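# What the coordinates show
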Amino acid sequence: MLSSYGKKYDVIVVGAGHAGCEAALAAARMGCSTLLLTMNIDAVALMSCNPAIGGLAKGHLVREIDALGGEMGLNIDATGIQFRTLNTKKGPAVRATRAQADRQQYRLRMKQVIEEQPGLDLKQGSVVRLQIEGRRVVGVEVREGLSFAGKMVILTTGTFMRGLVHVGLHHYASGRAGEPASEGVSDQLRSLGFKVGRLKTGTPARLNGRTIDYEKLEKQAGDTPPPPFSFLTKGIDQDQICCHITYTNERTHEIIRGGLDRSPLYTGVIEGVGPRYCPSIEDKVMRFPDKDHHQMFLEPEGLTTHEVYPSGMSTSLPPDVQLAFYRSIAGLGQVEIMRPGYAIEYDFVNPTELFPTLETRHVEGLFHAGQVNGTSGYEEAAAQGLVAGINAALRVQEKEPLVITRDLGYTGVLIDDLVTKGAEEPYRMFTSRSEYRLLLREDNADLRLTPIGRRIGLVSETRWAAFTRKGEEIERGRKILGQQRIAPGEKEKIKRLGVETLKNGVSLEELLRRPEITLADLLFLDEDLAGISGQAREQLEISTKYAGYIERQREQVERFRRTEDVRVPENFDFGAVPGLSSEVREKLQKVQPRSLGQASRISGVTPAAIAILAVLLRRR
């Protein structure tokens, strides 16, 4: 018999992975009574795959989460054990931060933050059913025999919905190795009209670091000083470690090919579609037969453990084959496996059935975030969780929803791609997915999004004060650069700058536009300029050196908005529009785009169809 918990929450979040943590914290920080339900209270924010945060494009998402008032950036800054900036030789648009985490410390700190958050209850319970009245969600039921009432429910179920783990030809129901799968919810979603599909992901074995010969490996050190993620972090205090690099070889590949008759991936046992951009090692060997080696990063899982994560070696081959191929690699001749790698299949819901707010079309008050929407990666999940938590809170407060557009952030690109195009394979963020990469840099995420976070009530006083100070510093720096000049006769200064003799006086701004001059080169010229913070100086340098490119991209955004701002009425009947093919009508009817711009990004919707719609909508 089911018993009621007796308390009605504003927001209930199901699942305490990276999406669930951000969703619950956002809702609670915005003043909503919030419940975070998880199957295992000791696995909050557990890094079930690689113990790292950030990377190419993913680092941009983390900075955006931080800028809006989320927790991921602060959490990795407090628990990271190696920080690096990637793509340093390329332009600022594609530079990205990546940090190795102490896996246990990461989850423990996040759990502590959640436990200490006012208005947020953390409880253990496995949700088996949504409570629905009409077409509106009103609560959830857990396996333990309790029901919880809530105005809004956010599903962040990760890989747990009908999860099935594969190790060789052995398989068992599991949300991830060692934890039970979630049963019931995906069947209920199907019955409610949701299109539920099947995806697959995987993870490598964990190796015993005491059995690795590090003398035979390449060292990979972090940056000094370590670059933090959060705009609030002044410096990284904890001890930093070194990672290592090694490579597979032809013998490794022979062992892998010899084990494919026992691979669930190559014997047809696995049905789910895997990630194109993060293939298993057996996929790499088979897809690229001309490559005689593949790179592998050996990443320690923490400061107090000997477990090592071999990045790039995801596999579902049998444990004996895994041990054999690892031992064929330089430095790993005597290695021991602590946990075998595995593949996992799980249910997801096609994200075209969501509004851009991440609320579902079929059930009012129900939101989806994370891998349930077909994405892969902690960062993609956390960004969605944050947006879902924000919009659930705004819905409770009867306020206008938040939709982050493509020109405002990678978070907007991510969500727009999902709700417009769907996910036929696990979605991963890349900088190439954005049309406006030069505007959506890591370094200016706060300038783009912190005012929005402040407006909706998520940005703290501390963050807002830091943001305001940075803005004042940038403005002061711009004035100095524009007003301070060097005359042709100031030969000592000119010599120190290493420039040719000046025929005319120039401003510091004009000097900074020269490719060989950096802002650091100019600091000796003005004490006030030297006193500006590093974050503000970075903005000044980029905005000055790339001014022309940035202006052109802003003009592109304005042209884009003219199309994007043509709104499509709710429940618009695309089937009644003359001149559209049946295929285009079907796709438009299915996605129900909110704007002409969104309609133009639906696969198969032609420019001719958009022209017809534009004429019709502008008449209206």
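Up top you'll find the structure we're talking about.
The text that follows walks through the structure, step by step, so that each part is easy to find. Note that this is a predicted model, so its numbers are computed, not measured.

### Overview of the sheet that holds strand β15 (residues 243–247)
The strand order across the open sheet formed by six strands is β14-β15-β16-β17-β13-β18, and the pairing between neighbours is antiparallel. Every interior strand has two partners, whereas the edge strands, β14 (218–220) and β18 (337–339), have only one. The sheet shows a mean angle of 35 degrees between the axes of neighbouring strands, direction not considered. The pairing of β15 with strand β16 (residues 295–300) spans four bridges and is antiparallel. Bridge pairing in β16 places Ile245 opposite Phe297. Helix α8 (residues 319–327) rests against β13 (206–208), β16, β17 (307–311) and β18 of the sheet, and its axis sits at about 135 degrees to β18.

### Some details on the layout of surface pockets
In this structure, the second largest pocket encloses a volume near 1200 Å³. At the level of elements, α2 (58–68), β5 (96–101), α11 (445–456), α12 (461–483), α15 (519–522) and α17 (534–545) are the ones that each hand at least two residues to the lining of the second largest pocket. Residue composition of the lining of the second largest pocket, grouped by class: 17 nonpolar, 10 polar and 15 charged.

### Remarks on the sheet that holds β5
The strand order across the open sheet built from three strands is β3-β5-β4, with neighbouring strands paired in antiparallel fashion. Strands at the two margins of the open sheet, each flanked by one partner only, are β3 (52–54) and β4 (80–86). Each strand axis lies, on average, 15 degrees off the axis of its neighbour in the sheet, ignoring direction. In this sheet, β5 lies alongside β4 in antiparallel orientation, the contact comprising six bridges. Counted as the bridge partner of Thr85 is Thr97 from β5.

### Remarks on helix α1 (residues 18–29)
The first and last C-alpha atoms of α1 sit 17 Å apart over 12 residues, in line with the 16 Å expected at 1.5 Å per residue. Judged by how many residues are buried, α1 sits mostly within the fold: 11 of 12 residues are covered. For α1, every residue scored as buried is listed here: His18, Ala19, Gly20, Cys21, Glu22, Ala23, Ala24, Leu25, Ala26, Ala27 and Ala28. At the exit of α1 stands Gly31, carrying a positive phi of roughly 100 degrees.

### What to know about the nonpolar core
If you look at the biggest cluster of nonpolar residues, it comprises 81 residues, and the most contacted ones within it are Val11, Ile53, Tyr106, Ile114 and Ile390. At 12 residues, helix α9 (residues 378–396) tops the list of elements feeding residues into this core. The contact partners of Ile390, leaving out residues within four places of it in the chain, are Ala26, Met30, Leu402, Ile456 and Leu458. Ranked by size, the runner-up nonpolar core spans 23 residues in total, among them Val140, Phe194, Val196 and Leu366.

### Quick word on α12
Here α12 contains 23 residues, and its C-alpha end-to-end distance of 33 Å stays within 8% of the 33 Å for a straight helix at 1.5 Å per residue. Where α12 is concerned, the buried positions are Arg463, Phe467, Lys470, Glu473, Ile474, Gly477, Ile480 and Leu481.

Conventions and cut-offs
- Residues numbered from 1 in each chain as written.
- Predicted model: local features only at pLDDT ≥ 70, side-chain atom pairs only at ≥ 80, totals over all residues.
- Heavy atoms only, no water.
- Pairing = 2+ DSSP bridges.
- Helix = DSSP H or I, 4+ residues; strand = E, 2+ residues; numbered from the N terminus.
- Axes fitted to C-alpha atoms, helices over the stretch in contact; angles between N-to-C directions.
- Contact = heavy atoms within 4.5 Å.
- 1 Å grid on protein atoms, 1.4 Å probe; cavity = no way out; pocket = protein on both sides within 12 Å on 5 of 7 lines; lining within 4 Å.
- Points joined across faces, edges and corners; volume = space filled by probe spheres on them.
- Nonpolar A, V, L, I, M, F, W, Y, C, P; charged D, E, K, R; others polar.
- Expected span 1.5 Å × (residues − 1).
- Buried < 20%, exposed > 50% of the residue type's maximum accessible area, 1.4 Å probe, protein only.
- Core = buried A, V, L, I, M, F, W, Y, C linked by side-chain atoms within 4.5 Å.

As far as function goes, none of this settles anything; it's purely spatial.
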